[in-house]
Amino acid sequence: MALANWGRFIVRAEIHSSSESVVSYGFDLTETSIFVVTEWHAAVGTPVSVRLSFPKILEPIDVPARIGDIRVAGEPGEPAGIGLVFDTTSSDVRGKLASLLERVNAPLTFTAVEDRPCRVLLVDDSWLIRDMFTYGTAKFFERPGALAIDHAEDAERAWGKLASSTYDLVIIDYFLPSEDGASLITRLRNDERLSHTPVVAISVGGRDAREATLSAGADVFVDKPLIFRDLFNTLRMLAEGREQARPAAERKAILVFDDSPFALALTRAALESAGFTVAIAGDLTSFERQRVSFDPDLILVDVQMPEAFGDDVASTLRGWHGVQVPILLVSSLDQSELARRAQRAQASGYICKGAGMPELVRRCRELLETTR
Amino acid sequence: MDDLLAKFVPQFVELARSRVAVALSAAAQYDQAATTKVARDLHTLAGEAGLLGLKEVAPLARDCELKAKRLHASHTDAEVEGLVAALRQLAQLIEGIGAASTREGGSA
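A brief report on the enclosed structure follows. (Residues numbered from 1 in each chain as written. Chains lettered and ligands numbered in written order. Predicted model: local features only at pLDDT ≥ 70, side-chain atom pairs only at ≥ 80, totals over all residues.)

### What about the overall build of chain B?
When its secondary structure is counted, chain B shows four helices and zero strands. When the helices and strands of chain B are listed from N to C terminus, the series reads α-α-α-α. The buried share of chain B, reckoned over its 108 residues, is 38%. Put simply, 60% of the contacts in chain B that link residues at least 6 apart link residues at least 24 apart. (Helix = DSSP H or I, 4+ residues; strand = E, 2+ residues; numbered from the N terminus. Buried ≥ 20, exposed ≤ 12 C-beta atoms within 10 Å, placed from the backbone. Contact = placed C-beta atoms within 7 Å.)

### A short note on the pairing of strand S10 (residues 199–203) of chain A
Residues and elements named next belong to chain A. The element S10 is largely enclosed, with a buried count of five among its five residues. By the alternation rule, side chains of S10 split into Val 199, Ala 201 and Ser 203 and Val 200 and Ile 202, which are all buried. A crossover connection joins strand S9 (residues 169–173) to the parallel S10 through helix H4 (residues 181–190); in handedness this β-α-β unit is right-handed. Bridge count between S10 and strand S11 (residues 220–223): four bridges; the pairing is parallel. In the strand pairing of S11, Val 200 is matched with Val 220. Running through helix H5 (residues 206–216), the crossover from S10 to the neighbouring parallel element S11 is right-handed. (Right-handed = clockwise from strand over helix to strand, strands pointing away. Pairing = 2+ DSSP bridges.)

### Brief notes about the packing of helix H7 (residues 261–273) of chain A against helix H2 (residues 35–52) of chain B
Running from N to C, H7 of chain A and H2 of chain B cross one another at 15°; their axes reach a closest spacing of 9 Å. What the angle tells us is that H7 of chain A and H2 of chain B run roughly parallel. Considering the relative orientation of H7 of chain A and H2 of chain B, their crossing is left-handed. Here Phe 262, Ala 263, Leu 266 and Thr 267 of chain A of H7 of chain A lie close against H2 of chain B, whose contacting residues are Gly 47, Glu 48 and Leu 51 of chain B. Each residue belonging to the contact of H7 of chain A with H2 of chain B can be placed in one class, and the counts come to four nonpolar, two polar and one charged. (Axes fitted to C-alpha atoms, helices over the stretch in contact; angles between N-to-C directions. Parallel < 35°, antiparallel > 145°, perpendicular 65-115°, else oblique. Left-handed = near helix turned anticlockwise from the far one by under 90°. Nonpolar A, V, L, I, M, F, W, Y, C, P; charged D, E, K, R; others polar.)

Here is the structure:
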């Protein structure tokens, strides 16, 4: 069964009139109109320009429009806003909207079991919201694993997960315990590695929360109660866009386990710049958690660590957990010693750290290509 | 890769300076108990240098690591002196890399 023709998803909408600019979000997009959630309005018929966008899904489209109708807040899920009617005399604008709607209305296209999931981090202290996400995800996405939702209940835990994993999207509630969502978004935007991660802010806080999160750098703000159907449709497009945008070989996921934070940061930077998705772990607890949740295609393990030897970790993964993905030992030990340990642990091979980062990247790529 | 080096070499130099200073202090004070951690830190330093492609630092750091391990096993003046000398050489090498990195950063 194909889940087609939902026809609704969420986009960032920036409205510019002659007197004011408003940043908000819109849904109910058709080839001729969109509904934008906002308290601002002008007289029906007022000409505006609207820029529609969503990171990694929709390149900004500037569309001339006019206010078609004004809606006051109704039932939950029916926020106040304005209906915009597009001026589609430009064939370029018409073409872009038609192409976008074609993508929205297309049936789900996840087919290959080996596709990497679209990874989303939901930062919300409400268990119910998290349960609803998990339930909704399983229900909406036909193929299990197309979308992987990870949870964090506060900013600190979220930061820990963001530091050790890579996410395609982060959804952040504004009202979080101890540190609010806007502060977390600011941190994320100021971090070199994370600054381009798409962020959707959510809240019951209305305009104040919207302004705080958007000025902190959120790409889109969506009011609670969430309309899950719209949000999942947006996530679906994000996941599919991601599938189309990146060749299969470059989507491979690598988990790096090393007790040196410097080595982890360097290895991750090099592998990410080579196009891989990377998670890191600095201790056994983190490694085990990442191995299960990140589901890597390749595992790199340092050998001499305070908690355990990497060859013992590799041996246990193979013999006890039945892990089939390639495992490489990485160490500054002598080559002969490293080769002996790799063979004994049934690892797929080894890399001397002294060979340098370009060689490490080359070996990863080679191994992933031969085991595809 | 050049971008990565420009970013990570200065960080490495800072870390390495601190590790070598701790190792020199432990060796100079005949702190046998600290040598296990010193050896481990030098091993880590060797690995980090190797990943960065610092071909001269990695083997020298490994040599220091082995000397620190030997010192832990049998604490003699000759071994202390050997470790201190190797560490000073390592410190000098790291300072040279730091200076070169600053020059390159400044001229970029």
